[in-house]
Every structure is written in C-alpha cells, then in structure tokens.
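Coordinate inspection notes
Residues per chain are reported as follows:
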Amino acid sequence: MPTRRWRLVRAGSDAVPPSVRRFMRRARRRRLRAALPWASIGAVLVVGGLAAWLVYGTGVFGVREIRVTGAEVVSPEAVRDAAGVPDGLPMARVGLAEVGRRIAALPAVERATVTRDWPETLVVEVVERTPVAAVPRADGFLLLDRSGVAFRTVPQQPAELPLARIAAPGRDDPATRAGVQVLGSLTPELREQLAELVVDGPAKVTLRLRGNRTVIWGDPSLGEKKARVATALLARTGDTIDVSAPEVVTIK
C-alpha cells in the first residue's frame, strides 16, 4: 500500500489564498471603521474632561484681578471686599449674580453687574445711587435717592439738592416714600425754585419755594397734574398755593 506523504506548510501569507487574504483585509477595515467612532468619542471625552478639570478644578483660569468701574463715592477696595471672591478661585465657579447682590448691598450702590474677562479678570460695573434730597441731621446731611434710600451722610448740604424735612427717613418709611414721589413729579420750574420739602406725613407734603412762597401739595397722588397747576400759578401773586385738590385750587 502506497505511503501518503503529508507536507506541513507554515501558515503564512504565501500559504493563504488571495481570496482569503482579500476577505481578511476587508474584515480588518470593517473593524477599524466600526472602532473609529468610539475611539473619537473616547478622545473627545478625555479632552473634555481635562478641559473641565483645568477650568473648574484648578487655578489655571483663576481670578487674579477684580476691575471696578463706575465707583466714585464707594471705593474700589470696598467693592472688592464686598465681592468676597478669593484670589485664585476658578473663574467658572464664580457666581456672578451672587457677587453682584453682595456688592449691591453697599449703601451707596444702586446695582452692580459682574462679568468675566477671561482668563483671569472679573469686571464689576457699579451704578451708584443719585441723591435727590438732603435731610438735615445732627451730624450733617443725610442723602436720599429716588427710592427713599438713605445712603450717605455729608458734612454740608450739596448746593444742587433741596432740603427734605422728614422725621424718620428711610425706604420703609411711608412719609419718605411720599416725599421722594412728589420730588419725582415736579416740573423743572418747580424744582429750580424748591428750597425745602416738608413731609409731616404721607398725605401732608409741602413745598417751600424761594421767595417765601409755599405750595401745599397734600398726598403724592395726581402728582403730574398738581405740578402743572402749581407751575402755571407761579406767575400769579400770592404766597400760598394749595393744589392738594387740583380741581379746586386756591392761592392767597
């Protein structure tokens, strides 16, 4: 019986038929194409995680400067102290609205806007309160803004501000609110001649004008109408103009 001889062939490229090699190449390409999106997503996640760590978890983009604009009465140092942002705190972790509220709690500040100027600066834009009247006190003159907020004491009466005689000035005081509401309704002519605003109660407001003239205003309702009527009567003779009921005006 003839002997069969088996030849052992090492599995290599020369031993694989071309059709099989083509099939294997196509299979490898398919695997690579299938893996490529996952590899891309993984790379994006790694880069994103690193970026988030740098921005939120380190001081690489930390606060190095707080730039203050619009502050004249209040000092920039007082604004920075009120902001309460520690040096090096990651910029992305700064609560801008909360910082603005802390700064706006300063008596002379009406509002504050805080923005980021990357990579390391917070910009604080301060709008200070504008005084509309000065209340005489034992230690000077207390300035009131249009909301009735008493925010600053100065040693002398500012020349451009009328006096306001109010017993307990403050935003929560009804008499104060009535007084500043009346001031806001005055015509330029009345405002120019106004020397004192006397507020004995929410419905007892009186204007004392230059030249010893008086306008009895009453409560702050119908303010624009009262202002127009009082202005029209300035040319008439008489020391006292009563516009508390603007439909029935008296002058004497």
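What follows covers the layout of surface pockets. Unoccupied space between atoms shows up once a probe the size of one water molecule is rolled over them. By volume, the largest pocket is sized at about 270 Å³. Along its surface, the largest pocket is lined by 17 residues, and V132, E160, L161, P162 and R191 are the ones closest to its centre. Among the elements of the structure, α4 (174–185), α5 (188–193) and β8 (194–201) are those that each provide at least two residues to the lining of the largest pocket. Its residues assigned to classes, the lining of the largest pocket shows 10 nonpolar, 2 polar and 5 charged.

What follows covers helix α6 (residues 223–232). Each full turn of the α-helix corresponds to 3.6 residues, which orients residues three or four apart in the same direction. Among the residues making up α6, those that are buried are G223, K226, A227, A230 and T231. With its buried residues spanning 130° around the axis, α6 presents them on a single face. Set apart from the buried face of α6 by more than 90 degrees, the exposed residues are E224, R228 and A232. At its buried positions, α6 is contacted by α4, α5, β10 (213–218) and β11 (240–242).

What follows covers the sheet that holds strand β1 (residues 65–69). Here 3 strands make up an open sheet; going across it, the order is β1-β3-β2 and the pairing mixed. Where the open sheet ends on each side, the last strands, each with one partner, are β1 and β2 (109–117). Looking at each pair of strands side by side, their axes are set apart by 20° on average, direction ignored. The sheet contact formed by β2 and strand β3 (residues 121–128) spans 8 bridges and is antiparallel. For R116, the partnering residue across the bridge sits in β3 and is L122.

Inspection of the entire model under this criterion finds 11 salt bridges. As a salt-bridge pair, E98 and R102 come within 3.6 Å of each other at their nearest N and O atoms. In this pair, E98 and R102 both sit in helix α3 (residues 96–104), 4 residues apart, roughly one turn of the helix. For E98, a relative accessible area of 34% corresponds to the partly exposed category. Judged by its relative accessible area of 31%, R102 falls in the partly exposed class. In this structure, K226 engages D219 in a salt bridge whose closest nitrogen and oxygen atoms are separated by 3.5 Å. Given a relative accessible area of 30%, D219 falls into the partly exposed group.

Each value, and the rule that gives it
- Residues numbered from 1 in each chain as written.
- Predicted model: local features only at pLDDT ≥ 70, side-chain atom pairs only at ≥ 80, totals over all residues.
- Heavy atoms only, no water.
- 1 Å grid on protein atoms, 1.4 Å probe; cavity = no way out; pocket = protein on both sides within 12 Å on 5 of 7 lines; lining within 4 Å.
- Points joined across faces, edges and corners; volume = space filled by probe spheres on them.
- Helix = DSSP H or I, 4+ residues; strand = E, 2+ residues; numbered from the N terminus.
- Nonpolar A, V, L, I, M, F, W, Y, C, P; charged D, E, K, R; others polar.
- Buried < 20%, exposed > 50% of the residue type's maximum accessible area, 1.4 Å probe, protein only.
- Arc of directions from axis to C-beta.
- Contact = heavy atoms within 4.5 Å.
- Pairing = 2+ DSSP bridges.
- Axes fitted to C-alpha atoms, helices over the stretch in contact; angles between N-to-C directions.
- Salt bridge = Lys/Arg side-chain N within 4 Å of Asp/Glu carboxyl O.

By themselves, these observations are geometric and do not establish any function.
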